[in-house]
Structures are given as C-alpha cells and as structure tokens.
Number of protein chains: 2
Amino acid sequence: MWRLYQFPLCPFSRKVRLLLSEKGVGYELWRENPWEDTDEFASLNPAGRTPVLHDPEKKITLCDSRAICEYFEETVEQAPMINGTVKGRAEIRRLVALFDENFFSDVTGPLLQERMMKRLITRQPPDSRRLRDAMKMAHGHLDYIDYLIDNRPWLAGSRMSLADLAAAAQISVADYLGGIDWTGHEQTRGWYSIFKSRPSFRPLLSERMEVIQPPSHYADVDG
Amino acid sequence: MWRLYQFPLCPFSRKVRLLLSEKGVGYELWRENPWEDTDEFASLNPAGRTPVLHDPEKKITLCDSRAICEYFEETVEQAPMINGTVKGRAEIRRLVALFDENFFSDVTGPLLQERMMKRLITRQPPDSRRLRDAMKMAHGHLDYIDYLIDNRPWLAGSRMSLADLAAAAQISVADYLGGIDWTGHEQTRGWYSIFKSRPSFRPLLSERMEVIQPPSHYADVDG
Ligand SMILES: N[C@@H](CCC(=O)N[C@@H](CS)C(=O)NCC(=O)O)C(=O)O
Ligand SMILES: N[C@@H](CCC(=O)N[C@@H](CS)C(=O)NCC(=O)O)C(=O)O
C-alpha cells in the first residue's frame, strides 16, 4: 500500500491526492511536517520536501509531485491527465509549472508562511503587507484562469488534465488561508465549484490543519 | 527553425540547450532578459520566464524547461534522456527537480541575484553573507553528487540522463559566478570535466555575460 507523506495544507500533496483518487489508486496518509527536518524524512527525500510517496513492501520511494504524477500517468491507464497531442501535453505541463511555481511563489507560499508557519512555529502575527500582496497576486492569477476558461472548457483544452488538478490544489490551499477574493472571477468560481463536488476533492475539503480555521465558504460546494 | 529565448547565465536555458544539442535539434539563440518584463515576452510566456522555445513558422511556443525537455523526449528518438523503467524515469525526474529547484534556490539563484542582478540593475555590491551561504550550500549539494557518483556511473543510474544535464547546467552557472569551491569533490569534478569536453557543452563555456567575467578555471576542460 502506498503511503503519502504530507500535511493537510501542502498544495503539491493535494495535487497528488487528486490524481491518485481520480485514477483509483489507494494510499494511506502519513503526516509529515517538512519544516521539522527529521533525519528519517531526509533519508526518504534528500530534498526534504513533501509530498513523498513510499511503498514499504515494494521498497519504492517517489519524490517530487511532478515526478509522482508522471509515474502514475505512465503506469495507470484510468483517467489520463497528461494526454493528447505532444503539443497538448506540453501545454498541460506548462500550466502545471505555472501553478506549481508562479502561483505558489506569488500566493500560496507567502500565505503559508504568514498564516501557518508564523502561527505554528515562530508565533508571530502575520505581516499584513505580505498578505495584501499575496491576495493582489491571486487576483492576477485568477484573471488568467478566467481568460483560459473563456477560451477552453478546461484549463489546458477540451479535457480535464493535470493542469486543472494543479490549479485547484493551489487555489484550495490559498482559499483555506483566506487569500482568495472571488469577486469578479465568475468563470474561475464556476470551474472551481465543479471540482469541489468531485469525490476526489471532498476528503481534502473536510480536513483541517490544527489551530487554523478556513473561512466559512471554503468547503461549501456553492461557496 | 526553433528560436530559444534566453540569456547566457540562465541555468534552465542551459539545460534545454544541452538537450537540444545532444538530440541534434537545431535552434537559434534569441537574447531575452526576463527581468525587463516586456509585454512581447509576457505574451509568449505568461510566467515571464526564460527559457521559451518558439517556432514562428509552425506557430508553436513551448514554455518551462521541464515541459520543453519532455516535448523533445517524446518527439526525437536520438539520445534518450528520460529513459529506462518507470522507476528509473521517476528517479531521473526526482533529480531534475532537485537541481532545478533546490540547487537553484540554495545556490544558483542567490549567486545570480548577488553577482548579476545587483551588478546589472541595482548597481549595489553583493551581500557577502549571502554569497558565503550560497557557497556553503553548494558544498552540501556537491557532497550529494559525490555520493551519487560513488554508487552509479551517472547521476540517475547506468546511463547519462536529463538529471546529468540539469545538474551540469546549474553547476556551470554557479561556477561562472565563482560559487563553486571544487576542493574535496573529486568525484563530481571528474564527472563534470567529462561534460565540459562534450560538443554540446563547448558553446556554453565560450559565451560571456556582459561585464561579468568567470574565474580562469571555468572554461578549462581540466579545470
Ligand atoms: N517540487 C516539489 C515542491 C514541494 C514543496 O515545496 N513542498 C513544501 C511543502 S508545501 C516543502 O516541503 N517545503 C519544505 C522545504 O522546502 O524545506 C514538488 O512538486 O513536490
Ligand atoms: N520552471 C522554470 C524556471 C525558469 C526560471 O526561473 N527562469 C528565470 C531565469 S534563470 C527567470 O526567467 N526569472 C524571471 C522571473 O521569474 O520573473 C523553467 O524550468 O523553465
């Protein structure tokens, strides 16, 4: 049985969980706080980051969410998520990188820093200027998603793909942390509410990160 | 003809150049400074980052170095670089992520910031503490590469792969910027000197970034 090392607000772990669930791959959750830097975790992943997917019996360890997703795309036929022409696959991977890297460094990363790490570790109040900047950047990213959905049914084209899972994973963490103002983003809101009602997404929405509560609309399918 | 938007010290562009050259794919260089944030470049790549590979006739635009490498792996048989078993491919992709993300954020990124951006844009002197930290982190990464090469002929296993290209690309930029102290890293030095003599690598080593000069050993194959 696969064991996923993760914590509830890790967006990269959420992307992997969405993929595994869409593909019908079973796994158990294993709580790991990467900021605790334990030797045991470093020996599983020298990068010291979640997610890690580990199968103790088969002795396989997979690290890095994109490498993990490519692995299941290559081994499990159900629910193809990096599919289509080579050009279409490049478009999926471009968007995954955009959400994993730009959305994360502009929005989700700063929100996690200000609202989670400062609360749990340094016990400082969040820096309100950094929160405002992250929310402003979130608007820019949602504008771009609005534009994509104006032109295509799903973010990378005519079918749901890993690009949608990557975007939904980042947005869900940002939304949990109060960083998404949905005003004026009807297209993205509509696309996201379809996601929220998928069986793969429900378990994520019902989990809580200790001491940090999400806003009331967070788990609401019509929210 | 493919046109690669890049600047000489972009490690992700270097990885793509190594791959294209190993695969025998022709391209022309197009100088782009992503920090200038032009509208024209943003319309090619909404992430605003180099490398971008663009074919004006075929109207194809590829963004994100990993997406670009997967594209050529899927379309060009020569010199397979993400090859082997599914487990082996996951190992290649794990290491690519480690060099693209961890090595870059620990070493290459700070060196580019302190020695290139400050010189070219803000005209400030580099922060010597940040330089020292980056060089210390470089030691840790080279220790890990030493360990890999002690156990395998190439970084991800028995054959040269994208993991080697990703590592060599990052190291070459860090070395240009004086951030690599090779003392005590004989394994990595040996592996890297093989790279330096490859035809795919020679053009990179002879290019210069205006005003910034590399140390004397930089382009020396036995250096
Ligand atoms: N490229 C990695 C990024 C993973 C990542 O940044 N994870 C964060 C948690 S959300 C982490 O473990 N950070 C701790 C650290 O970087 O030391 C992936 O896609 O899996
Ligand atoms: N994931 C991207 C990262 C590219 C990247 O960070 N490029 C840097 C130059 S080395 C850049 O364009 N930075 C400008 C910015 O982030 O705005 C890739 O692999 O292509």
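The shown structure was predicted, so the numbers you read here are calculated from the model rather than taken from an experiment.

Visitor: Sorry, what's going on with the overall build of chain A here?
Guide: For chain A, the helix and strand inventory stands at eight helices and four strands. What you see in chain A, going N to C, is helices and strands ordered as β-α-β-α-β-β-α-α-α-α-α-α. The C-alpha radius of gyration of chain A comes to 17 Å, within 12% of the 17 Å expected for a compact globule of 223 residues. With the principal axes as the frame, chain A shows a C-alpha extent of 50 × 50 × 25 Å. Burial analysis of chain A (223 residues in total) assigns 56% to the buried set. Considering only contacts in chain A between residues 6 or more positions apart, those separated by 24 or more positions represent 70%. Accessible surface, chain A: about 9,500 Å² in total, of which carbon and sulfur atoms supply 50%. Where the 29 positive side-chain charges of chain A centre and where its 32 negative ones centre are 1 Å apart.

Visitor: Is there a simple way to explain helix α6 (residues 162-176) of chain B in this structure?
Guide: Every α-helical turn comprises 3.6 residues, leaving residues that sit three or four positions apart pointing alike. Residue and element names in this part refer to chain B. Compared with the 21 Å implied by 1.5 Å per residue over 15 residues, the 21 Å span of α6 between its first and last C-alpha is a close match. The element α6 is largely enclosed, with a buried count of 15 among its 15 residues. Positive phi shows up at glycine 178, right after α6, with a value of about 75°.

Visitor: Looking at this structure, I do not really get the UniProt feature "domain: GST C-terminal" (unreviewed entry) in chain A. What am I missing?
Guide: UniProt feature "domain: GST C-terminal" (unreviewed entry): in the numbering of this structure it lies at residues 85-218 of chain A. When the span residues 85-218 of chain A is considered, its composition is 69% helix and 0% strand, and the gap between its end C-alpha atoms is 35 Å.

Visitor: What should I look at first to understand the site of ligand 1 in this one?
Guide: Around ligand 1, the neighbouring residues are A:Phe7, A:Cys10, A:Pro11, A:Phe12, A:Pro34, A:Gly48, A:Arg49, A:Thr50, A:Pro51, A:Asp64, A:Ser65 and B:Glu101. Chains contributing residues near ligand 1 are chains A and B. One nitrogen or oxygen atom from the main chain of A:Thr50 is found 2.9 Å from a nitrogen atom belonging to ligand 1. Measuring from a nitrogen atom of ligand 1, one finds a side-chain N or O atom of A:Asp64 at 2.8 Å. Protein chains bury 80% of the 520 Å² of accessible surface belonging to ligand 1 in isolation.

Visitor: Mind showing me how you'd approach the interface of chain B and chain A here?
Guide: A common way to report how large an interface is uses the accessible area buried once the components associate. Between chain B and chain A, the contact holds 26 residues from the first and 26 residues from the second. Carbon and sulfur atoms make up 56% of the surface buried where chain B meets chain A, a total of about 2,300 Å² over both sides. Salt-bridge contacts for A:Arg89 lead to B:Glu74; the nearest nitrogen and oxygen are separated by 2.6 Å. The tally of links from chain B across to chain A stands at eight residue pairs in polar contact (both at pLDDT 80 or more). Elements that contribute at least two residues to the side of chain B that touches chain A include exactly β4 (60-63), α3 (65-75) and α4 (86-122) of chain B. For the side of chain B that touches chain A, the leading source of residues is α4(B), giving eleven residues. Looking at the side of chain B that touches chain A residue by residue, the classes come out as twelve nonpolar, three polar and eleven charged.

Visitor: Before we go on, may I ask you to explain the site of ligand 2 in this structure?
Guide: Within the structure, ligand 2 sits among A:Glu101, B:Phe7, B:Cys10, B:Pro11, B:Phe12, B:Pro34, B:Gly48, B:Arg49, B:Thr50, B:Pro51, B:Asp64 and B:Ser65. More than one chain lines the surroundings of ligand 2; the residues nearby belong to chains A and B. A:Glu101 places a polar side-chain atom, nitrogen or oxygen, 2.4 Å from a nitrogen atom of ligand 2. The separation between an oxygen atom of ligand 2 and a polar side-chain atom of B:Ser65 is 2.5 Å. In terms of residue class, the shell around ligand 2 is made up of six nonpolar, three polar and three charged.

Visitor: How do you make sense of the nonpolar core when you look at a structure like this?
Guide: Side chains of a nonpolar character, in soluble globular proteins, are inclined to be buried together. Within the largest apolar cluster, 69 residues are counted, with the highest numbers of intra-cluster contacts made by B:Phe72, B:Leu155 and B:Trp191. When we break this core down by domain, the ones giving at least three residues each are domain 1 (2-75) and domain 2 (86-206) of chain B. Not counting residues up to four positions away in its chain, the partners in contact with B:Trp191 are B:Ile149, B:Trp154, B:Leu155, B:Asp164, B:Ala167, B:Ala168 and B:Ile171. Listed in part, the 67 residues of the second largest apolar core include A:Phe99, A:Met117, A:Leu162 and A:Phe201.

Visitor: I tried to follow the side chain of A:Asp146 on my own but got confused; where do I start?
Guide: Residue and element names in this part refer to chain A. With respect to the helices and strands, the residue aspartate 146 is situated in helix α5 (residues 128-151). As a buried residue without a salt bridge, aspartate 146 has its nearest oppositely charged side chain in arginine 189, at a separation of 9.1 Å. Those residues in contact with aspartate 146 that sit more than four places away from it in its chain are Gly184, His185, Gln187 and Thr188.

Cut-offs applied
- The residue numbers shown here count from 1 along each chain, following its written sequence.
- Numbering of ligands from 1 and lettering of chains from A proceed in the order in which they are written.
- Local features in this predicted model are restricted to residues of pLDDT 70 or higher, and side-chain atom pairs are both shown and tallied only at a pLDDT of 80 or more, whereas totals for entire chains, interfaces and linings draw on every residue.
- Values shown for side chains rest on all heavy atoms present in the structure; no hydrogens or waters enter the calculation.
- Helical segments are the DSSP runs of H or I of at least four residues, strand segments are the runs of E of at least two, and each set is numbered from the N terminus.
- Only the C-alpha atoms count toward the radius of gyration. The rule for a globule is 2.2 Å times the residue count to the power 0.38.
- With a 1.4 Å probe rolled over the protein chains alone, any residue whose accessible area is under 20% of its type maximum counts as buried; one over 50% counts as exposed, and the rest are partly exposed.
- Any two residues whose heavy atoms approach within 4.5 Å at even a single point are treated as in contact.
- Here the open area of atoms and residues is found with the Shrake-Rupley method and a 1.4 Å probe, where only the protein chains shown may cover a residue.
- Working convention for charge: Lys and Arg count positive, Asp and Glu count negative, and His plus the chain ends are omitted.
- In plain terms, the charge of a residue is placed at NZ if it is Lys, CZ if Arg, CG if Asp and CD if Glu.
- For a helix, the expected span equals 1.5 Å multiplied by the residue count minus one.
- UniProt positions are given in the numbering used here, feature names are shortened, and annotations may be inferred rather than shown by experiment.
- Definition of nearness: a residue and a molecule or strand are near each other if at least one heavy atom of the residue lies within 4 Å of the molecule or strand.
- Here a polar contact means two N or O atoms within 3.5 Å. Within protein one must be a hydrogen donor candidate and the other an acceptor candidate, and residues neighboring in sequence count only if both atoms are side-chain atoms.
- Two parts placed together each lose some accessible area; with a 1.4 Å probe, that loss summed over both constitutes the buried area.
- Think of a salt bridge as a Lys or Arg side-chain nitrogen and an Asp or Glu carboxyl oxygen that are within 4 Å of each other.
- Ten residue types, Ala, Val, Leu, Ile, Met, Phe, Trp, Tyr, Cys and Pro, are classed as nonpolar, four, Asp, Glu, Lys and Arg, as charged, and the remainder, Gly among them, as polar.
- The criterion is simple. A nonpolar core is a set of buried Ala, Val, Leu, Ile, Met, Phe, Trp, Tyr and Cys residues joined through side-chain atoms within 4.5 Å.
- Per the annotation, domain bounds derive from an automatic or database assignment of domains.

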